[in-house]
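Now for the letters of each chain:
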Amino acid sequence: MSDADFWFDPACPFAWITSRWIKEVQEVRDIKVTWHVMSLAYLNQHRVESGDISEEYRGFLEPTRGPVRVLVAAEDRYGAEVLDRLYTAFGELIHHEKHPKDRDLVVQALARAELDPALVDAMDDEAWDAYVIASHHEGMDQVGDDVGTPTIAFEGAAFFGPVLNKIPRGEEAGVIWDATVTLSKVPSFFELKRSRTGDLSFD
């Protein structure tokens with residue numbers, strides 16, 4: 001069995017698609033996935049402070065802090081295994097149901113994941129930010145600057161991506177995993193990229 005570590009911010013649509021891909025991979029390849037939290041708001045805070053960011057993206061980032069705090073609070077309470085189902089609850093609400101990133105989002109996600117509803121108070125508690133930052137750096141420090149989520153670490157390598165605009169299913173998901181593992185074994189390989197086209201699909 002291969003172990004894979006996956007860092008996500010629940011607000012990121014690309015991380016959501018890649019996370020559903022790697023769950024498909026689990027159905028066709030012998031891998032175990034451990035989930036970890038990162039924060040787009042923390043990642044981009046220097047850009048916010050310097051003004052090197054659009055008002056639109058600034059508005060996107062600010063409400064992402066709450067769900068991330070709740071995720072690390074839930075992990076602290078229940079263990080890392082809880083992140084899978086709580087992330088799934090957040091992802092379905094945010095990306096499929098287009099729910100605003102507000103207090104009711106957290107209330108509904110906790111209910112779907114069957115977790116203590118009192119965890120909603122963590123969304124406004126800055127004390128959890130230290131836990132977020134620690135988890136964030138555990139993943140992001142492996143891949144360097146100018147990257148984000150999704151980030152996956154496996155077999156001694158870590159990469160940003162793969163970035164997908166729809167969820168590969170079945171054996172197609174497995175083939176992409178195989179190719180990713182193959183590229184990760186080449187020490188001199190860093191990037192394979194092209195401009196994104198087409199709309200995002202969460203089907």
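Given the structure is predicted, the values throughout are model-derived calculations rather than measurements.

So, the pattern of salt bridges
No. 1: Taken as a whole and assessed by the stated rule, the structure comprises 12 salt bridges.
No. 2: The residue Glu-171 makes a salt bridge to Arg-29 at a minimum N-O spacing of 2.7 Å. You can see Glu-171 sitting in helix 9 (residues 170-184) and its partner Arg-29 sitting in the loop between helix 1 (13-28) and strand 2 (31-37), a full 142 residues away along the chain.
No. 3: For the salt bridge of Asp-116 with Arg-77, the shortest nitrogen-to-oxygen distance reads 3.0 Å. Placement of Asp-116 in the loop between helix 7 (103-112) and helix 8 (129-140) and of Arg-77 in helix 5 (residues 65-78) is noted, with a sequence separation of 39 residues between them.

Some thoughts on the sheet that holds strand 2
No. 1: Read across the open sheet, the 4 strands follow the order 2-1-3-4; overall the sheet is mixed. Edge strands, defined here as strands with exactly one partner in the open sheet, are strand 2 and strand 4 (157-160). The average undirected angle you get between the axes of adjacent strands in this sheet is 20°.
No. 2: Where strand 1 (residues 2-8) meets strand 3 (residues 151-154), 4 bridges bridge the pair, whose relative direction is antiparallel. Residue Ala-4 lies in a different strand from strand 3, and its bridge partner there is Phe-154.
No. 3: Packed on one face of the sheet, helix 1 meets strand 1, strand 2 and strand 3 and runs near 155° to strand 2.

A look at the environment of Leu-119
No. 1: Examined against the element boundaries, Leu-119 turns out to sit in the loop between helix 7 and helix 8.
No. 2: According to the relative accessible area criterion, Leu-119 is buried, its value standing at 6%.
No. 3: Along the primary structure Leu-119 and Val-106 are separated by 13 residues, whereas in three dimensions their C-alpha atoms are 8.6 Å apart.
No. 4: Not counting residues within four places of it along the chain, the set of residues in contact with Leu-119 comprises Val-70, Ala-73, Ala-74, Arg-77, Tyr-78 and Leu-110.

Section: helix 8
No. 1: For helix 8, spanning 12 residues, the distance from its first C-alpha to its last is 16 Å, which sits close to the expected 16 Å at 1.5 Å a residue.
No. 2: Among the residues of helix 8, Val-132, Ser-135, His-136, Gly-139 and Met-140 are the ones counted as buried. The arc that holds the buried residues of helix 8, viewed along the axis, is 120°, so those residues lie on one side. Helix 8 presents Ala-130 and Ala-134 as exposed residues on the side facing more than 90 degrees away from its buried surface.

Side note on the nonpolar core
No. 1: In this structure, Ile-22, Leu-86, Phe-90 and Trp-177 are the most contacted members of the largest nonpolar core, which totals 61 residues.
No. 2: Leaving out residues up to four positions away in the same chain, Phe-90 has contacts with Pro-10, Pro-67, Val-70, Leu-71, Leu-105, Val-106 and Ala-109.

Quick notes on helix 1
Each turn of an α-helix holds 3.6 residues, which means side chains three or four residues apart point in the same direction.
No. 1: Helix length check: helix 1 (16 residues) gives 24 Å between terminal C-alpha atoms against 22 Å at 1.5 Å per residue, within 8%.
No. 2: If you check which residues of helix 1 are buried, you get Phe-14, Ala-15, Trp-16, Ile-17, Thr-18, Ser-19, Arg-20, Trp-21, Ile-22, Glu-24 and Val-25.
No. 3: Buried positions along helix 1 lie against strand 1, strand 2, helix 6 (82-96), strand 3 and helix 9.

Topic: the packing of aromatic side chains
No. 1: By the definition in use, this model includes 10 aromatic pairs.
No. 2: A centroid spacing of 5.0 Å and a plane angle of 50° characterise the contact between Phe-6 and Trp-35, whose relative ring orientation is tilted. Here Phe-6 is found in strand 1, whereas its partner Trp-35 is found in strand 2, with 29 residues between them in sequence.
No. 3: A residue is classified by how much of its surface remains accessible, and Phe-6, at 0% relative accessible area, is buried.
No. 4: Taken together, a centroid distance of 5.4 Å and an interplanar angle of 15° make the contact between Tyr-57 and Phe-60 stacked. One end of the pair, Tyr-57, and the other, Phe-60, are both in helix 4 (residues 55-61), 3 residues apart, so they sit about a helical turn from each other.
No. 5: One aromatic cluster in this structure is built from Phe-6, Phe-8, Trp-16, Trp-35 and Tyr-87.
No. 6: The ring of Tyr-87 has Arg-20 lying over it, and the distance from NZ or CZ to the ring centre is 5.5 Å.

Cut-offs applied
Residues numbered from 1 in each chain as written. Predicted model: local features only at pLDDT ≥ 70, side-chain atom pairs only at ≥ 80, totals over all residues. Heavy atoms only, no water. Salt bridge = Lys/Arg side-chain N within 4 Å of Asp/Glu carboxyl O. Helix = DSSP H or I, 4+ residues; strand = E, 2+ residues; numbered from the N terminus. Pairing = 2+ DSSP bridges. Axes fitted to C-alpha atoms, helices over the stretch in contact; angles between N-to-C directions. Contact = heavy atoms within 4.5 Å. Buried < 20%, exposed > 50% of the residue type's maximum accessible area, 1.4 Å probe, protein only. Expected span 1.5 Å × (residues − 1). Arc of directions from axis to C-beta. Core = buried A, V, L, I, M, F, W, Y, C linked by side-chain atoms within 4.5 Å. Phe/Tyr/Trp six-rings, centres within 6.5 Å; stacked < 30°, edge-to-face > 60°. Lys NZ or Arg CZ within 6 Å of the ring centre and 35° of its normal.

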